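Working through the structure, step by step
Each chain is listed here by its residues.
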Amino acid sequence: MHEYPVTREFINIAARKAREANARRVTRICLVVGEQSGFAPESLQMYFEMIAEGTVCENAELEITTVKTQWYCPRCDAPYARRPLSFACPRCGRDGEPTSVGGEFYVDRIEVAE
Ligand SMILES: [Zn+2]
């Protein structure tokens, strides 16, 4: 549900870019979405189709690149990928801490057509 406003926002960004380029439509929007961003790719896709209808973004391809959350172990001074149901570092077994990697949410690229 909270994907609705951010979807409207990136559609507006893409529409503005199309206007600036004197393009008639947006053909592709590439988003980078971290696992920890709180935004679900399938909801973004659903709202995108709903909101883009009737705009220059209608029928544009929404390409979503997801980023896995990266954890950090202070003891080993090394990053690691968390395994399901565990926060433990795979080297020493102690619980590490989440890093900012995986919290991304941004528009990476917008493609338009004449
Ligand atoms: Zn460790």
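Everything in this summary refers to the structure shown in the same document. Predicted model, so just to flag it, every value in this text is computed and none were measured. (Residues numbered from 1 in each chain as written. Predicted model: local features only at pLDDT ≥ 70, side-chain atom pairs only at ≥ 80, totals over all residues. Heavy atoms only, no water.)

If you trace the backbone, Thr69 turns up in the loop between strand S2 (61-67) and strand S3 (70-73). Polar contacts involving the side chain of Thr69 include one to the side chain of Glu35, which spans 3.0 Å. Other than its neighbours up to four places away in sequence, Thr69 contacts Glu35, Gln36, Tyr80, Ala81, Val101 and Gly102. (Helix = DSSP H or I, 4+ residues; strand = E, 2+ residues; numbered from the N terminus. Polar contact = N/O pair within 3.5 Å; in protein donor to acceptor, adjacent residues only side chain to side chain. Contact = heavy atoms within 4.5 Å.)

Bringing the coordination of the zinc ion into the picture now. Protein ligation of the zinc ion involves Cys73 (SG), Cys76 (SG), Cys89 (SG) and Cys92 (SG), the donor distances falling in the range 2.3 Å. Between consecutive donors of the zinc ion, the numbers of intervening residues give the motif C-x2-C-x12-C-x2-C. Placement of Cys76 in the loop between S3 and strand S4 (78-81) and of Cys92 in the loop between S4 and strand S5 (97-98) is noted, with a sequence separation of 16 residues between them. (Donors = N, O, S within 2.8 Å, 3.2 Å for Na, K, Ca; no water.)

Under the definition given, this model contains four salt bridges. With a closest N to O distance of 3.1 Å, Arg109 and Glu111 form a salt bridge. Looking at Glu111, the relative accessible area reads 28%, which means it is partly exposed. One network of salt bridges, in which partners are shared, links Arg28, Glu61 and Glu63. (Salt bridge = Lys/Arg side-chain N within 4 Å of Asp/Glu carboxyl O. Buried < 20%, exposed > 50% of the residue type's maximum accessible area, 1.4 Å probe, protein only.)

Spatial ordering of the open sheet is given by S2-S1-S6, a layout of three strands whose pairing is mixed. Strands at the two margins of the open sheet, each flanked by one partner only, are S2 and strand S6 (105-113). In this sheet, neighbouring strand axes are inclined to one another by 15 degrees on average, regardless of whether the strands run parallel or antiparallel. Relative to S2, strand S1 (residues 25-34) runs parallel, the two being bridged by seven bridges. Note on S2: the bridge partner recorded for Gly34 is Val67. Packing of helix H1 (residues 3-20) onto the sheet brings it into contact with S1, S2 and S6, and relative to S6 it is tilted by some 40 degrees. Lying over the sheet, helix H2 (residues 41-52) contacts S1, S2 and S6, oriented at roughly 165 degrees with respect to S2. (Pairing = 2+ DSSP bridges. Axes fitted to C-alpha atoms, helices over the stretch in contact; angles between N-to-C directions.)

The next point concerns the nonpolar core. Judged by nonpolar contacts, the single largest core of 20 residues is most densely connected at Phe10, Val26, Ile29, Phe48 and Cys57. Those elements that place two or more of their residues in this core are H1, S1 and H2. Ignoring anything within four residues of it in the chain, the contact list for Val26 reads Ala14, Ala18, Val56, Cys57, Ala60, Ile110, Glu111 and Val112. (Core = buried A, V, L, I, M, F, W, Y, C linked by side-chain atoms within 4.5 Å.)

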